[in-house]
Each structure stands twice: as structure tokens, then as C-alpha cells.
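Fold and contact review
Listed below, chain by chain, are the residues.
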Amino acid sequence: MQLLAREPVTVVRDDAERNVMPAEVVEGDVVAVRQGGQIIVDGPVITLADGADRLEVDESLLTGESDPIPKAEGDLLLSGSFCSSGAGLQRATAVGAQSHAGRLSLAARADTTGLTPLQWRIELVVRLLITLVVLMSGAILAQSLLEGSTVLRFVQTSAVLSGLVPYGLFFLVAVAYSVGAARIAGRGALVQQVNAVEAVSRVDVVCTDKTGTLTTGRLALAELLPVDGSLGDADTGQKHHVGPDDVRSVLGAFARSVSAPNATTAALLGDESLPGTAGAVADEVEFRSALRWSGVTYTDGAGPPTVVLGAPSSLRPSLVDATEVIDELGNQARALADEGLRVLLLATSTGGLRDAEDRPALPALHAVVLVALADELRDGVQDVLAGLAKEHVAVKVISGDDPDTVAALARRAGLSGSAISGPELAQLVGVGDAFDDAVDAHAVFGRVAPEQKEQIVNALRRHGHQVAMVGDGVNDARALKRAQVGVAMRSGSTVTRDVADIVLLDDSFTTLPPARTEGRRIIAGVGTSMYLFLARVATQMLVILTVTLLGLGFPYTPTQVGLTLFTVGLPTLFLTVWARPGPPREDLLVSLARFVLPLSILTAGFATAIYAFLYQLVPGALTGAAVQPAVVAAFEGYTGMGASDPGFVVASATIGAQSGLSVFVSATAILLILLLEPPHRVFTAWTGVSPDRRPLLLALALFAAFAVVLAVPVTRTYFGLTAPDPPVIYTVVPAVVLWFVTLSVVLRFGVLERVLGLGVLDRDIAPRPLTPTALEGS
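The structure contained in this document is the topic of the report that follows.

1. Looking at the overall build of the protein
- Helix and strand counts for the protein come out as 29 helices and 23 strands.
- Radius of gyration (C-alpha) of the protein: 38 Å, far over the 28 Å computed for a compact globule of 778 residues.
- When the backbone C-alpha atoms are referred to their principal axes, the protein occupies close to 135 × 75 × 50 Å.
- Sequence separation of 24 or more characterises 69% of the internal contacts of the protein that already satisfy a separation of 6 or more.

In C-alpha cells, the structure reads:
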């Protein structure tokens, strides 16, 4: 919608002009096109204004090319472009959503958001767990109904079973993405699609436009090559030599004298080595793409009467210098152009700038100096591209300019690789995989049409690449939508910014490396947290199944499951925020299985044994000759029942066993933090020693908080636990020690892999950065 202006336009209906709103223009209308106005429909030029042989159109908003495009009668005008000179009438053949601007808007509004690999893995795991929970819940709840359980017990069981689904993973991912986006914003990038924080870390190909992305869009004076005028004219032999100081003065004065500054004169004015003052101008010809030159004629006699600046090829037919000079000029101009520089020729004359019919025309010219201008690279571009190369991220430059010019600029930025043109690519469409292979093989693409940018991104994605597209113009919008990560410059068009996943607020490439680092931090943090989440879920599922099959009641109450706030919720939140960036692991699901399966089997086995032992031990203290009145009174308080009630012993045995089970599972869950972030070699059964001591402090704090929960009657009652009596302590503490030793052996020696015949593979969940000590050791 922002492609088109909202000002009224002039249409010709029934031989009369009238002003209407753009939305009221219909097919077949004749629309007036005037200088400075926007073209709001598609259609051909049917009539030019009196005395004009063409009009010029600025299509930079659509194509990214800044040079005006000449249009004659019959040529197509596209909506979204501007008339830069001339006037005429256009017939509307496509309006609204059918116009070029309308189609771009529809493509930009299309929802192309996809799941990142991490999101896909989490969704797969959660769907699998939901399926298992539903199947298990159906069997357990059916058994409860058959046994005549109370409604309250049925509801409590349902709550525990539904809690097995790791809802916290979704919250954790949202928090991780948001924290990452906030950190990146502090580096100068606005994240508009929250999962782009992760997606950018997986990118292995960056496609970028040239103008406005690699370059600032401004020009800078690179070199001046004065012409040797000592040979004189080709016909008269008269010498026209301008000294080096005079050359700079003439060029500086010309830049200050033109009435319509452009990018070229701005570059000249910005160079402090070019002195001079504006002269009194008698006549001026402004630069037009059709002429490819501009000039001024001065009224004073302080310098050359007429000065012309233009493309060497356009000025060459009017040069009267010696043939050797002209040939050498051509060679020098080609050499500079091969380096990616824009080459202009400054020439002087004693004649005027118009012919007898007052039309712009070049007089006899004397070459003075070749002016080489370079596109100004953005600050930090070379360092960023070098860093991406070290990380094996390919960079492809896509531009509408000449391929050789783009390749030369790419070399200045530190990129290497072969170039191919848009027309050459077009010939490969439909020829098997030739198009995709050519896109994969080349690094520079020139003379590329806007629709080809999208085709290039699609080809890279078909080859399995994770693609980021960086652009600033409307012509980049569709390619940004197709890429896994669309990156726009803040100075770019509004449409491009709106469809981008990330906007570089400072127009600086230097924001990309921190964004990649932050994305890798998120992947590492969420990946580590998944170990804790899935370990908890798998352990609880196995314990519930085993205890139920043994006929020992139901091992959890909803309030006891709430202990996972201390053992899973808080640890995963902190571990995600504290995570260190590392390369994304493509085998995350396999690594999870290798860790979670042996862990959950061992933990569930120990937990079930503790539950069964205490389930049999508690009744002995409540009945028979060894009955202890203090114990009976305590369990009356825990259960809310009297000792004479029929179900008192079973309820007491259940809550006693549940308490021991909860204490054991909670203690082992906190110890998992130390296995995932080992503070010492004792805990390195799964991964190497972590340089971060914050996880150790977190584990100690959680142990202290859990001890408070057990010691304070109010919190203990809230979570449905008994007091830490000697039977529980004497049972749980040795079990935790034995569990840790057994688990360490199983993980360190890959017992599960050996049993299954899979071999022992690398199990490190995240690469450890080298410390100074490690480097010295190396």
C-alpha cells in the first residue's frame, strides 16, 4: 500500500481533464503523466507532450537502479515509478491489484513465516509426548474408573497426567527469543519476526544487493588522471595543456557552478582537494541519461569558457585532441572501469553548448582529466565479510549493474568468485538443474531483473542452503520474503522494511555477527534446557507407569508436580539466558535420546524402588506392636484422616512414599544442572568442564530453597510432603549417591549405546570455548 501515493491524479474522460483519486482510475482511462509526478497504473505511453521526443522515468523504487529510463511512445510505464522529465499521456491497462505495484504489495503481504529447525524439533517432541500422554492417560484413567476412584482423585490424576506435556518449552522459547531480540536491538538491529534471532545463526548463504547495502549509495573521488595536452590538436597542432593545480580548480569550480547537483557533483564537492568557486553561468545543460553529459558556459574569463563533464564514450566523438591522446584516454578509461570505478571525462571548449535550434549539442572539446569515482563502501563491510568467510558463510552479491562492475566492487569489499549476468541466467531456466547449479557456483550476479532475485533465493533453498537476503529497495521485497531471514536497511524503502525479519537501524553490516552470535546462544540455551525438560517428563512417565502396574496407587499429586518450578522451570530459564554461543547441533534429537533415555530409566528405577520401599515401610510404623503414637499423629495431620478411618493406612503409605519419591526426584533434577554445566571433573560424565560458575551457584541456591520447603511446615504442607524424617533421609541420600555414580558410569562409557550396538559417539551438548589455559596447553 505504501508503494503508491494518495494524491489525486489527472485523467482524460470525454475529452475533458478531471482530477480523481488513484483508486478511482479504471482500465482504459487516459492518465496524464507530468514531471515529478508518480505513475499509479501500468500502461503504455500513447502521446508525448508537444516538442518532446521522449520522457524519462525513475524506476529506482521498483528496480533499485537510480538512472532515469527514457520512454518513447508505446513504451510501458510501471506503477510505482516517477516521471523525472518530460510529460505525456498514458493508457491504463492494469490497475489496483493487477498493476505492478499491486502485485508487489500482494506478494509482500503474503505470510511466508516458517518454523526454524529448533521450533520444528520442539514441536516434534511435544507432539510425540502428547501422543504418549494421551495413550497412557486413557489406560490409567480407565483403570481408576474401574476401581471406583473418587471424583477428586480422578481430577487430581488427570491434572498430573496433563502436566506431563512440557508446556514450559513454549514459554522458554518465547522468553529466549525476546531476550535475544532485546540484546540485538542494543547492537542496532530491530527484530520484527521473533524467530529470526535463531534463524540468522543458521544462515550459510547471505545474498545482498550492492547499492545501499554493501555501499552507502554515495560516490567518492578515487583518482584523477590529467590528460597530456602537449601533443596538441589532431588538425591544428595547437597545444592545450592544463596543469595539475588548474585541473583541480576547473573541476571544483564546475561542481560548484551547476544548478542541479547530483551524486557525481556531491562526490566532487565532498573532496577537500578540489578548490574553486562557483562562476557566473551564462548557459547550462543539466545531466540527462539520454545525453550522458552535462556542461556549463561561464560569462567571466577567469577560466575555460565552457566545461563539460560526461561519459568518455559520449564525449569522444567531439574530442579534437591528437589521436594518440584519444586512444590513450580510451585505454585508461577501460582500465579504470575494470576496477569497478565510474569513469568520467572533463573537457573544455571555446564554443557553446547548443546548436542552431537551441538543442543541447557538444562543441569541439579538449580533454582535460579523467575523473574516477568509486562507490563508497559502508563502514565495517570488509571486516564483516571476512568474518563470515571464516565461518564458511558464502556471500553472493546481486545487482542490476554490469557484472564486471559489480565483481570489481566485490573484490574491493574482499569477496572473490566468478560473475554471471541476468540474461545468461535466464537462458538456463528450464534446462534441468543448470539454473540452480549456476546460482550455487557464482558469487556475483549482474544485470539481474527484480524477479530474478527471488528465483536466485529459491534456487539456493532448493540446494539446501539457509539463506539470508539483505536489501533496501522495493525490488528486494519478494526475495526478502522468500529467504529464511530477510534483512532490510533502515534507509531503504518502507515496503522493504515492513516485510523484513530484521531491520539494521544503523544501516551497518556490523550488526550481523552479533545477531548470529545471539542466535547461537539461544540455540545452545534452549537445547540445554530441553535435556532438563525431557528428563523430567520421561522420568515421571516411567514412574507413573511402573507404580501403577505394581498396584501401589498413584505416585504424584498436582501440588507435588509443582516442585518442578524449582527443579526445571527456574534452572532452564537461567541456563538459557546464561548460555554460551556455539555452532548449532544438527543431531540434537539423537543427543537428547542418548542422554534422556538412560537417565530416565535409571532415575525411574531408583525412584520406583524408593516409592515401593517407603510404601511398605510406613504401614509398619502405624500398625502392630511397633506402632508409634507420634508417627500416627503426624500422618493424621498429613492425610486429614483419623487413625480409625478405613483408608488411613493406605493414604499414609501413599503420602509417605510420594514424599520420598518427590525428594529423590527433586534432588536428582538439581544435580542434572551440574551434569549439563560441570563445575568440576567429577561431573563430566556427559560434557566437559564449564568455565561458568553461575550454574553451580544456581544449583546450591536451589538445594537451599528446597531444604527450606521441607523445613517450613507451611510450604511443606502446600506441596503435599511429609517432614524430612529419618526414614526418608536414610533412604533418599544413599540412593542419590548411588544414582549419581551409576549414571556417571552409564553416560561416560556409553552403556546404552553399547547395549544397542550403536557405538559411542560424541555426546558433548555444546562445544566449550578455549580458555587461555587451554590455549597455552595446546
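2. Concerning the environment of L77
- Its location among the elements puts L77 in strand β7 (residues 76-77).
- L77 sits in the buried class, given a relative accessible area of 0%.

3. Section: the packing of aromatic side chains
- Within this structure, the stated rule accounts for 10 aromatic pairs.
- Where Y718 meets F719, the ring centres are 5.0 Å apart and the plane angle is 85 degrees; that geometry is what we call edge-to-face.
- With a relative accessible area of 56%, Y718 lands in the exposed category.
- You can call F719 buried: its relative accessible area is 9%.
- Joined through ring pairs, the aromatic side chains of Y531, F595 and W686 make up one cluster.

4. Re the side chain of T306
- Tracing the backbone shows T306 in strand β15 (residues 306-310).
- Given the relative accessible area of 0%, T306 is considered buried.
- At 3.2 Å, the side chain of T306 and the side chain of T297 are in polar contact.
- At 2.6 Å, the side chain of T306 forms a polar contact with the backbone oxygen of G351.

5. With respect to the nonpolar core
- Judged by nonpolar contacts, the single largest core of 130 residues is most densely connected at F664 and W739.
- Dropping the residues within four chain positions of it, F664 is found in contact with T603, F606, A607, I610, V732, A735, V736 and W739.
- Formed by 29 residues, the second largest nonpolar core is a distinct cluster that contains L425, M469, A479 and V499.

Conventions we followed
- Residues numbered from 1 in each chain as written.
- Predicted model: local features only at pLDDT ≥ 70, side-chain atom pairs only at ≥ 80, totals over all residues.
- Heavy atoms only, no water.
- Helix = DSSP H or I, 4+ residues; strand = E, 2+ residues; numbered from the N terminus.
- Rg over C-alpha atoms; globule rule 2.2 N^0.38 Å.
- Contact = heavy atoms within 4.5 Å.
- Buried < 20%, exposed > 50% of the residue type's maximum accessible area, 1.4 Å probe, protein only.
- Phe/Tyr/Trp six-rings, centres within 6.5 Å; stacked < 30°, edge-to-face > 60°.
- Polar contact = N/O pair within 3.5 Å; in protein donor to acceptor, adjacent residues only side chain to side chain.
- Core = buried A, V, L, I, M, F, W, Y, C linked by side-chain atoms within 4.5 Å.

These figures come from the coordinates and say nothing about function on their own.
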